[in-house]
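Listed here are the chains, written in short residue letters.
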Amino acid sequence: MATLFLKNALVVLSMDAARREIPDGAVLIRDSRIEAVGATADLLPLVERSGETVEAFDCAGHVVMPGLVNTHHHMYQSLTRVIPGGQNHELFDWLTALYGIWANLTPEMVYISALTAMAELMLSGCTTASDHLYIYPNGCTLDDSIRAAQEIGLRFQATRGSMSLGQSKGGLPPDRVVEDEEFILRDTRRLIETYHDAARGAMIRVAVAPCSPFSVTQDLMRESAALARSYGVRLHTHLAENANDVAYSIERFGMEPAEYAQDAGWVGPDVWHAHCVKLSDAGIALFGRTGTGVAHCPSSNMRLASGIAPIRKMRDAGAPVGLGVDGSASNDAGHLLAEARQAMLLARVEGNPAALTARDALDMATRGGAAALGRDDIGALEPGMAADVVAFDMRSVGFAGALHDPVAALVFCAPAQAALSIINGRVVVRDGQLATIDLPVIVERHNRLAFALANAAR
């Protein structure tokens with residue numbers, strides 16, 4: 001790999017332990033690691049003395065920062081954005097309306113939808129993403145998504161989701177989209193053994209991710225936790241997403257969601273849960289004590305009228321909190337910087353204008369996401385960290401008048417696209433354009449498949 005030098009930045013937002021914001025900053029990258037971060041004047045001699053070929057990027061007028069981390073997504077759902085019949089429902093009705101459509105997914109659809117969703121994320125400044133694929137009809141496998149990540153160059157946390165509790169047994173999904181539990185566990189082992197990389201700087205990791213308490217059995221939850229811990233991989237699921245989710249847990253299990261999670265072995269520093277909109281104060285305290293992580297998905301929570309997650313309380317309790325764009329059919333966008341903005345604004349709706357600051361939101365989008373995914377090698381610009389770096393051009397009209405605080409402007413102003421993105425030392429977005437795939441071709445193919453999927457359900 002090449003040595004890269006980002007120089008003359010308006011400001012480098014390091015997100016390091018000291019949260020340094022460096023005017024006229026620079027970042028030196030060698031191979032797949034960050035070698036130095038500091039003022040341009042201080043780093044220039046290092047570059048000049050090295051005598052090696054260096055690709056330099058003049059980042060004048062740009063904020064340079066760590067790549068953003070997306071902790072929860074359903075990439076296949078990009079095929080069913082704003083689909084008629086699913087625009088105005090709460091969670092359970094929305095899922096019921098869409099399960100029958102998703103039952104017609106094909107391996108090609110999973111692969112192309114993943115490429116499309118990943119491209120959208122990368123153009124928004126995301127460099128690491130977790131995807132929760134939990135429905136596998138017609139020969140679909142998680143391998144289809146992993147292949148997309150390897151091709152496009154995204155750092156990927158693939159989660160082997162599952163549904164085993166169909167309607168005939170009291171679950172929400174129709175019986176035709178659930179899987180046998182022994183097969184689920186066997187395939188999960190296969191995926192971990194084939195793809196999971198525990199090394200620092202890994203590009204692909206695998207997590208174990210039964211879909212939700214209303215779509216899998218308690219036995220599968222417990223066995224999945226045991227399997228994950230036997231391999232040293234992480235656990236992920238949905239929890240306490242809305243009032244109906246809580247009511248289901250109490251009626252079926254006699255426990256609120258956090259109690260259910262604890263009973264099933266789903267708390268601890270190797271676990272992160274999506275949503276947690278209706279997590280009780282006792283649940284928040286439990287997550288804080290145990291280091292259980294949360295993927296906060298504000299746009300999806302608003303779209304499905306689920307409510308406002310108590311993020312301030314979670315952060316204060318010590319629970320790792322990252323951001324997630326969630327499914328492209330319950331958000332209809334995959335822009336992670338936009339999600340940071342929504343998180344900041346939604347936290348203030350109930351009356352506290354300081355409930356979440358712009359820097360808090362960026363912290364969640366970087367360090368918080370890294371913590372939720374159990375990674376100490378991403379989320380900050382420091383020597384030795386993975387070379388995941390993005391730059392946003394602040395010279396556009398959308399930031400005019402806001403440059404007295406360009407860091408806060410990234411969140412307060414209209415969300416921007418990344419001008420430059422580097423993942424693992426590789427330039428993947430250059431001059432605002434994706435450099436690793438032919439995006440127009442993929443989008444055209446994606447649109448054809450989206451219509452085919454919708455028509456197959458009629």
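You'll find the structure just up there.
Quick summary incoming for the structure in this document. (Residues numbered from 1 in each chain as written. Predicted model: local features only at pLDDT ≥ 70, side-chain atom pairs only at ≥ 80, totals over all residues. Heavy atoms only, no water.)

1. Section: the overall build of the chain
Next, step 1: When helices and strands are counted, the chain shows 15 helices and 17 strands.
Next, step 2: The C-alpha radius of gyration computed for the chain amounts to 21 Å, which stays within 12% of the reference 23 Å derived for 458 residues, consistent with globular compactness.
Next, step 3: Reported as C-alpha extents along the three principal axes, the dimensions of the chain are approximately 70 × 45 × 45 Å.
Next, step 4: Residue burial in the chain is summarised as follows: out of 458 residues, 61% are buried. (Helix = DSSP H or I, 4+ residues; strand = E, 2+ residues; numbered from the N terminus. Rg over C-alpha atoms; globule rule 2.2 N^0.38 Å. Buried < 20%, exposed > 50% of the residue type's maximum accessible area, 1.4 Å probe, protein only.)

2. Describing unusual backbone geometry
Next, step 1: Here Met-15, not a glycine, exhibits a phi torsion of approximately 55°, which is positive.
Next, step 2: As for its placement among the helices and strands, Met-15 is situated in the loop between strand 1 (3-13) and strand 2 (21-30).
Next, step 3: A relative accessible area of 4% means that Met-15 is categorised as buried.
Next, step 4: Positive phi outside glycine occurs at Asn-138, with the angle close to 55°.
Next, step 5: Note that Asn-138 resides in the loop between strand 7 (126-133) and helix 4 (142-152).
Next, step 6: When its relative accessible area of 51% is taken as the criterion, Asn-138 is described as exposed.

3. Thoughts on the environment of Asn-104
Next, step 1: Turning to its location among the elements, Asn-104 is positioned in the loop between helix 2 (91-102) and helix 3 (107-123).
Next, step 2: Sequence spacing of Asn-104 and Asp-393 is 289 residues, and the spatial spacing of their C-alpha atoms is 41 Å.
Next, step 3: Discounting chain neighbours no more than four positions away, the residues touching Asn-104 are Met-109, Asn-138, Leu-453, Ala-456 and Ala-457. (Contact = heavy atoms within 4.5 Å.)

4. Here we look at the pattern of salt bridges
Next, step 1: Applying the stated criterion across every chain yields a total of 26 salt bridges.
Next, step 2: A salt bridge links Asp-360 to Arg-315, with the nearest nitrogen and oxygen atoms 3.5 Å apart. Of this pair, Asp-360 sits in helix 13 (residues 358-372) while Arg-315 sits in helix 11 (residues 311-317), placing them 45 residues apart in sequence. (Salt bridge = Lys/Arg side-chain N within 4 Å of Asp/Glu carboxyl O.)

5. What to know about empty space enclosed by the protein
Next, step 1: Taken as a whole and judged by the stated rule, the model has two cavities of 30 Å³ or more.
Next, step 2: Put simply, the largest cavity is a space of about 110 Å³.
Next, step 3: Lining the largest cavity are 16 residues, with His-74, Leu-91, Leu-95, Tyr-134 and His-238 positioned closest to its centre.
Next, step 4: For the lining of the largest cavity, the element with the highest residue contribution is helix 2, accounting for four residues.
Next, step 5: Residues that form the lining of the largest cavity fall into these classes: eight nonpolar, six polar and two charged.
Next, step 6: Approximately 40 Å³ is the volume attributed to the second largest cavity.
Next, step 7: Lining of the second largest cavity is provided by His-296, Ile-308, Ala-309, Ile-311, Ala-343, Leu-346, Ala-347 and Leu-356.
Next, step 8: The dominant element in the lining of the second largest cavity, judged by the number of residues it contributes, is helix 12 (residues 336-348), at three residues.
Next, step 9: Its residues assigned to classes, the lining of the second largest cavity shows seven nonpolar, one polar and no charged. (1 Å grid on protein atoms, 1.4 Å probe; cavity = no way out; pocket = protein on both sides within 12 Å on 5 of 7 lines; lining within 4 Å. Points joined across faces, edges and corners; volume = space filled by probe spheres on them. Nonpolar A, V, L, I, M, F, W, Y, C, P; charged D, E, K, R; others polar.)

6. Quick notes on the state of the cysteines
Next, step 1: This structure, assessed with the given rule, holds zero disulfides.
Next, step 2: No disulfide involves Cys-126; its sulfur sits 13 Å from the nearest other cysteine sulfur, which is in Cys-297.
Next, step 3: The thiol of Cys-413 is unpaired, and the distance to the nearest cysteine sulfur, on Cys-59, comes to 20 Å.
Next, step 4: Judged by its relative accessible area of 16%, Cys-413 is buried. (Disulfide = S-S within 2.5 Å.)

7. Notes on the pairing of strand 1
Moving residue by residue along a regular strand, the side chains alternate between the two faces of the sheet.
Next, step 1: For strand 1, a buried count of eight out of 11 residues is recorded, marking the element as mostly surrounded by other parts of the structure.
Next, step 2: Bridge count for strand 1 against strand 4 (residues 54-58) is five bridges, and the pairing is parallel. Looking at strand 4, one finds that Thr-3 is bridged to Val-54.
Next, step 3: In this sheet, strand 2 lies alongside strand 1 in antiparallel orientation, the contact comprising eight bridges. Looking across to strand 2, one finds that Ala-9 is bridged to Gly-25.
Next, step 4: Here strand 1 runs beside strand 5 (residues 62-66); their pairing, made up of two bridges, is parallel. When the bridges of strand 5 are listed, Val-12 appears paired with Val-64. (Pairing = 2+ DSSP bridges.)

8. Some points on the layout of surface pockets
Next, step 1: Its boundaries defined by the atoms lining it, the largest pocket holds a volume of some 250 Å³.
Next, step 2: Considering each element in turn, the lining of the largest pocket owes the most residues, six residues, to helix 15 (residues 439-456).
Next, step 3: Class assignment for the residues of the lining of the largest pocket results in seven nonpolar, five polar and two charged.
Next, step 4: Size it by volume and the second largest pocket reaches roughly 160 Å³.
Next, step 5: Lining the second largest pocket we find Ile-308, Ala-309, Pro-310, Ile-311, Arg-312, Lys-313, Ala-347, Glu-350, Asn-352 and Ala-355.
Next, step 6: If you tally residues by element for the lining of the second largest pocket, the top one is helix 11, at three residues.

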